Amino acid sequence: MAFLQVNMHLTNFDIDVFLRDYWQKKPLLIRNPWGSWTNPLEPDELAGLACEDEVEARLVVQKRHRWKVEHGPFPEARFGKLGKKPWTLLVQAVDHHVPEVAALIDPFRFIPNWRIDDVMVSYAADGAGVGAHFDQYDVFLVQGLGTRRWQVGGLCDETTELLPDQELRLLATFEPVEEWILEPGDILYVPPRIAHNGIAVGDDCMTYSIGFRAPARNELIAHWCDDLLGGMDDDDRYADPGLQVQDNPGEISAGAIAELHAMVAEKMLDRDAFARWFGGYSSTQKNLDGVWAPEQPISDSDLQASVAGGAQLVRNPASRFTFIRNSPESTLLFVDGECIECAGDTIALAEQLCALTRFKIDPALQNSTTAMTLIARLIDQGSVSFDAEAPFSA
């Protein structure tokens, strides 16, 4: 069964053409494809988030050809002291705190959940930007308020020269090959390693950056090995009971190399173990907000009443949901780093949880102990909530 739910809609946008011709290949300007665009967050609300302890925020102030970076949380008075210098406020993971911003991700869920990172929101004064740079991930840049001039350049790599002593990793040289002015509702897609530069045209310029994760090979190897080492026994050692005399004792024989390599490869190439590890690793949320977890575990009677009453189950925007089909009879559900083995009638529920940000539970599941146990577990750990109890509900 295919699940699809969007709170905002893209019109006249061909997903198949985009994935075939543009995804990870070349930039694409998409002129206001929304059925109806409304800026989901006011500038003052963004500034308020930047003042909170649990929110990651940066302030970038430009002076001539240098950019100074300050890290939040910021005192409210800071924004009144910026003067006329070009400045930009960057706030990470705003989708975790504002449901209207979280809804921006829904139209882009043709990209798998595990690839989605977060929505960074920027506010820029006239003439401000963070300088020409490139990222290691795909990004959709949605113009929310005001206008911004975007320039894109060529493909960068590890040999691309960067400006010295710049925290923002800015390009030493930048030659734009295309340039556009984005109005509210316009979207610019930028693939990984493509140079780009955005400059606010007028005040009150807000941009929503929907970013996608791309694990580095060294990151995968390092964390996978760390996980493997945690489960290994020091007594699991090399043995050679069939050892024979060598012509030269200084040689490491081909047979020994083969045995030693096999010891490592046997663990490293265990696909099932890797899949289980990666599901947990990729669903671990670094900014998970504990406010969704109830003070007391949900009671059986409250759970049954909510399901019977048709209450909507809502996913915590800060939570990550994904699954792996382990076999036709078994699915591994990963939620916020936890692996939950699902079978029978919980398989369809697990897939529904991963596909939809909110939905009504089939009342028939009241009779399934395993399904009710799964829902209760996710509620108690703060990954989901019934609509009436959700901290973000109206």
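Please read these numbers as outputs of a predicted model, since none were measured by experiment.

(A) Spatial organisation of the pairing of strand β4 (residues 87–91). Burial within β4 is extensive, with five of its five residues counted as buried. Of the two faces of β4, the one holding Trp87, Leu89 and Val91 and the one holding Thr88 and Leu90 are both buried throughout. Sheet topology note: the strand β2 (residues 57–63)/β4 ladder contains five bridges and is antiparallel. Note that in β4 the partner of Val61 across the bridge is Trp87. One ladder, built from four bridges, connects β4 with strand β5 (residues 116–124); its direction is antiparallel. The partner of Leu89 across the bridge, within β5, is Tyr123.

(B) How the structure looks around the layout of surface pockets. For the largest pocket, the calculated volume is near 870 Å³. Contributing to the lining of the largest pocket are 32 residues, with Arg58, Met120, His133, Asp135 and Tyr137 lying nearest its centre. Within the residue set of the lining of the largest pocket, elements represented by two or more residues are β4, β5, β6 (139–155) and β9 (194–212). Here the element with the most residues in the lining of the largest pocket is β9; it accounts for seven residues. Of the residues belonging to the lining of the largest pocket, the class tally is ten nonpolar, 14 polar and eight charged.

(C) Spotlight on the side chain of Asp106. For Asp106, the position within the fold is in the loop between α3 (99–102) and β5. Overall, Asp106 belongs to the buried group, its relative accessible area being 3%. A polar contact is formed between the side chain of Asp106 and the side chain of Arg109, at a distance of 3.0 Å.

(D) Geometry of the sheet that holds strand β14 (residues 358–360). Strands sit in the order β14-β10-β15 across an open sheet of three strands; the sheet is antiparallel. Every interior strand has two partners, whereas the edge strands, β14 and β15 (384–386), have only one. Each strand of the sheet is rotated relative to its neighbour by a mean of 25°, with strand direction disregarded. Two elements, strand β10 (residues 312–315) and β15, share three bridges in a ladder whose sense is antiparallel. In the sheet register, Leu313 faces β15, and the bridge partner there is Phe386. Packed on one face of the sheet, helix α9 (residues 369–380) meets β10 and β15 and runs near 105° to β15.

(E) Here's a closer look at the sheet that holds strand β13 (residues 338–343). The strand order β11-β12-β13 describes an open sheet built from three strands, whose pairing is antiparallel. Two strands in the sheet have a free side with no partner beyond their single neighbour: β11 (321–327) and β13. The mean inter-strand angle of the sheet, taken between neighbouring strand axes irrespective of direction, is 25°. Direction of pairing for β11 relative to strand β12 (residues 330–335): antiparallel, over a ladder of six bridges. For Arg325, the partnering residue across the bridge sits in β12 and is Thr331.

(F) Broad picture of the pattern of salt bridges. Applying the stated criterion across every chain, the model contains ten salt bridges. Of the charged contacts, one joins Glu179 and Arg149 as a salt bridge, the two residues approaching to 3.2 Å between their closest N and O atoms. Here Glu179 is found in strand β7 (residues 178–182), whereas its partner Arg149 is found in strand β6, with 30 residues between them in sequence. Taking the relative accessible area as the measure of exposure, Glu179 reaches 44% and is therefore partly exposed. For Arg149, a relative accessible area of 28% corresponds to the partly exposed category.

(G) Structural view of a positive patch on the surface. Side chains of Lys63, Arg64, Lys68 and Lys85 sit close together on the surface and give a patch of like positive charge. Tracing the backbone through its elements, the reader meets Lys63 in strand β2. For Lys63, a relative accessible area of 54% gives the class exposed.

(H) Spatial organisation of the confidence of the model for the protein chain. When pLDDT is averaged along the protein chain, the result is 91, and 95% of the positions lie at 70 or above. In the model, residues 1–7 has pLDDT below 50 throughout and makes 14 contacts with residues more than four positions away in sequence or in other chains.

(I) Representation of the environment of Phe108. Its location among the elements puts Phe108 in the loop between α3 and β5. Judged by its relative accessible area of 1%, Phe108 is buried. In sequence terms Phe108 and Ile210 are 102 residues apart; their C-alpha atoms lie 8.8 Å from each other.

(J) View of unusual backbone geometry. Of note, the bond from Gly72 into Pro73 is cis; its omega dihedral lies within 30 degrees of zero at 5°. Among the secondary structure elements, Pro73 is positioned in the loop between β3 (66–71) and β4. Unusually for a residue other than glycine, Asp204 sits at a positive phi of about 55°. Within the element layout of this structure, Asp204 appears in strand β9. Among the residues examined, Asp204 registers a relative accessible area of 37% and is labelled partly exposed.

The rules behind the values
Residues numbered from 1 in each chain as written. Predicted model: local features only at pLDDT ≥ 70, side-chain atom pairs only at ≥ 80, totals over all residues. Heavy atoms only, no water. Buried < 20%, exposed > 50% of the residue type's maximum accessible area, 1.4 Å probe, protein only. Helix = DSSP H or I, 4+ residues; strand = E, 2+ residues; numbered from the N terminus. Pairing = 2+ DSSP bridges. 1 Å grid on protein atoms, 1.4 Å probe; cavity = no way out; pocket = protein on both sides within 12 Å on 5 of 7 lines; lining within 4 Å. Points joined across faces, edges and corners; volume = space filled by probe spheres on them. Nonpolar A, V, L, I, M, F, W, Y, C, P; charged D, E, K, R; others polar. Polar contact = N/O pair within 3.5 Å; in protein donor to acceptor, adjacent residues only side chain to side chain. Axes fitted to C-alpha atoms, helices over the stretch in contact; angles between N-to-C directions. Contact = heavy atoms within 4.5 Å. Salt bridge = Lys/Arg side-chain N within 4 Å of Asp/Glu carboxyl O. Patch = residues over 30% accessible without salt bridge, like charges linked within 9 Å, V, L, I, M, F, W, Y side chains within 5 Å. Areas by Shrake-Rupley, 256 points an atom, 1.4 Å probe, with all protein chains shown as cover. Lys, Arg positive; Asp, Glu negative; His and termini not counted. Charge placed at Lys NZ, Arg CZ, Asp CG, Glu CD. pLDDT = per-residue confidence, 0-100.

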